[in-house]
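Geometric and topological summary
These are the residues of each chain, in order.
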Amino acid sequence: MLNEVLISSLFISTVKHAEEDTIMQYEGAQLAHYVDRPSRFTCRVERNGETIETHLKNTGRGADLLIPGATVSIVPAKNPERKTHWDMVSVIKRTDHGDFWVNIDSAMPNKVTKEAVDAGLLTFPDLPGTITEFRPEVTFGDSRVDFKGKTSNGQEFFVETKGATLESHGIVGFPDAPTIRAVKHVYNLEHAIDEGYMAYLFFVIQIDNIDVLTLNHHMAPKLTAAIKAAVPHGVKIAAYCSKVDENGMTLHRPAEFRIDELFIDPQVEMGLIK
């Protein structure tokens, strides 16, 4: 069945655990409470009675997360000359099945993936040999791919990484907003297969300890169709869940990818979007 083909597992290539060695921590994280979002990349938060403008490191909607009063984590900006002196990087989502941290830093999935591979803790399904090269932001075709790698057997491969932050009833759905870019990335991975490379679509769940992922079919029907076509073409799908708190994020364990799982978008369910 297609569902069984799509459920790929990653594995740790040494006896060490990813959570011990691949944690990405922020410096100077502080708790605050979300107020509002005056622009796409700017959020206001309240900390100790003071309203602070922060940079939102995410282009998604986040309508189910950015609720007034929500507890958030903010960290000092690395550039002291920037207009906003803080970055908002994570938020607590409160649900009837528990409360959990969600990392909303769009740069985090690539960071933890690169660090885990470089440490020899992460490899990809059916990849022959060990990874000897793993370079970020490589041009292939008419677009850039997140990573290009090479193994000790000489096999070259591409990895496109996607962060997932949308949760509903214990299941994560990707994406949280319409995306044409992701469809293009899938097509590019198919092209890589045609050129003799191996190719992976790697989902990083940026939500604490949730390990089932599907696609937000209603939001992204073209992406769903593209991925279903890419798998028999040779593109491999894999996913990993994470441990998340206010201080950072850690790759934790392989996640299950269910292509046909019903996903109810919480943004629609809550009446936040149509």
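Residues numbered from 1 in each chain as written. Predicted model: local features only at pLDDT ≥ 70, side-chain atom pairs only at ≥ 80, totals over all residues. Heavy atoms only, no water.

**So, the overall build of the protein chain**
Looking only at helices and strands, the protein chain features 6 helices and 17 strands. Computed over C-alpha atoms, the radius of gyration of the protein chain comes to 19 Å, within 12% of the 19 Å expected from 2.2 N^0.38 for 274 residues, which places it in the range of a compact globule. With the principal axes as the frame, the protein chain shows a C-alpha extent of 60 × 40 × 35 Å. Residues classed as buried in the protein chain amount to 51% of the 274 residues present. Here the protein chain displays about 12,600 Å² of accessible surface, and carbon together with sulfur accounts for 50% of that area. Averaging the positions of the 28 positive and the 38 negative side-chain charges in the protein chain gives two centres separated by 5 Å. (Helix = DSSP H or I, 4+ residues; strand = E, 2+ residues; numbered from the N terminus. Rg over C-alpha atoms; globule rule 2.2 N^0.38 Å. Buried < 20%, exposed > 50% of the residue type's maximum accessible area, 1.4 Å probe, protein only. Areas by Shrake-Rupley, 256 points an atom, 1.4 Å probe, with all protein chains shown as cover. Lys, Arg positive; Asp, Glu negative; His and termini not counted. Charge placed at Lys NZ, Arg CZ, Asp CG, Glu CD.)

**Some details on the nonpolar core**
In this structure, M88, F203 and I227 are the most contacted members of the largest nonpolar core, which totals 52 residues. When residues in this core are grouped by element, the largest group, 6 residues, is from helix α4 (residues 181-194). Contacts of F203, omitting those with residues within four sequence positions, involve K162, F174, L213, L215, I227, I237, A238, A239, Y240 and F257. (Core = buried A, V, L, I, M, F, W, Y, C linked by side-chain atoms within 4.5 Å. Contact = heavy atoms within 4.5 Å.)

**Some words on helix α5 (residues 221-233)**
Taking 1.5 Å of rise per residue, the 13 residues of α5 would be expected to cover 18 Å, and the 19 Å separating its terminal C-alpha atoms lies within 8% of that figure. Residues L223, T224, A226, I227, A230 and V231 constitute the buried set of α5. What you see down the axis of α5 is that its buried residues fit within an arc of 165 degrees, all on one side. Residues of α5 that are exposed and angled more than 90 degrees away from the buried face: P221, K222 and P232. A positive backbone phi angle near 120 degrees is found at G234, which sits one or two residues after α5. (Expected span 1.5 Å × (residues − 1). Arc of directions from axis to C-beta.)

**What about the layout of surface pockets?**
By volume, the largest pocket is sized at about 750 Å³. Contributing to the lining of the largest pocket are 30 residues, with T59, S106, K162, F174 and R181 lying nearest its centre. Elements with a contribution of two residues or more to the lining of the largest pocket: α3 (108-118), β9 (143-151), β10 (156-164), β12 (171-174) and α4. Counting residues per element, the lining of the largest pocket draws most heavily on β10, at 5 residues. Looking at the lining of the largest pocket, its residues break down into 10 nonpolar, 12 polar and 8 charged. (1 Å grid on protein atoms, 1.4 Å probe; cavity = no way out; pocket = protein on both sides within 12 Å on 5 of 7 lines; lining within 4 Å. Points joined across faces, edges and corners; volume = space filled by probe spheres on them. Nonpolar A, V, L, I, M, F, W, Y, C, P; charged D, E, K, R; others polar.)

**Focus on the side chain of T224**
Along the polypeptide, T224 turns up in helix α5. Look past the residues within four positions of T224 in its chain and what remains in contact with it is L215 and H217.

**With respect to the side chain of E160**
Note that E160 resides in strand β10. Taking the relative accessible area as the measure of exposure, E160 reaches 3% and is therefore buried. There is a polar contact of 3.5 Å between the side chain of E160 and the side chain of H185. Not counting chain neighbours up to four residues away, the residues in contact with E160 comprise R144, V145, D146, H185, L189, Y200, L201 and F202. (Polar contact = N/O pair within 3.5 Å; in protein donor to acceptor, adjacent residues only side chain to side chain.)

**Comments concerning the sheet that holds strand β14 (residues 212-215)**
The strand order across the open sheet formed by 4 strands is β11-β12-β14-β17, and the pairing between neighbours is mixed. Each having just a single partner strand, β11 (166-168) and β17 (256-257) make up the two edges of the open sheet. The pairing of β11 with β12 spans 3 bridges and is classified as antiparallel. When the sheet's bridge partners are listed, E167 is paired in β12 with V172. (Pairing = 2+ DSSP bridges.)

**Observations concerning the confidence of the model for the protein chain**
Per-residue confidence for the protein chain averages 89 on the pLDDT scale, and 90% of its residues sit at or above 70. Low confidence marks residues 1-21, where pLDDT is under 50. Its contacts with residues over four positions away, or in another chain, come to 52 contacts. (pLDDT = per-residue confidence, 0-100.)

**Focus on empty space enclosed by the protein**
The full count for this structure, using the stated rule, is 1 cavity of 30 Å³ or more. If you trace the largest cavity, you find it lined by L56, N58, G60, R61, G62, L65, L66, I104, T165 and D176.

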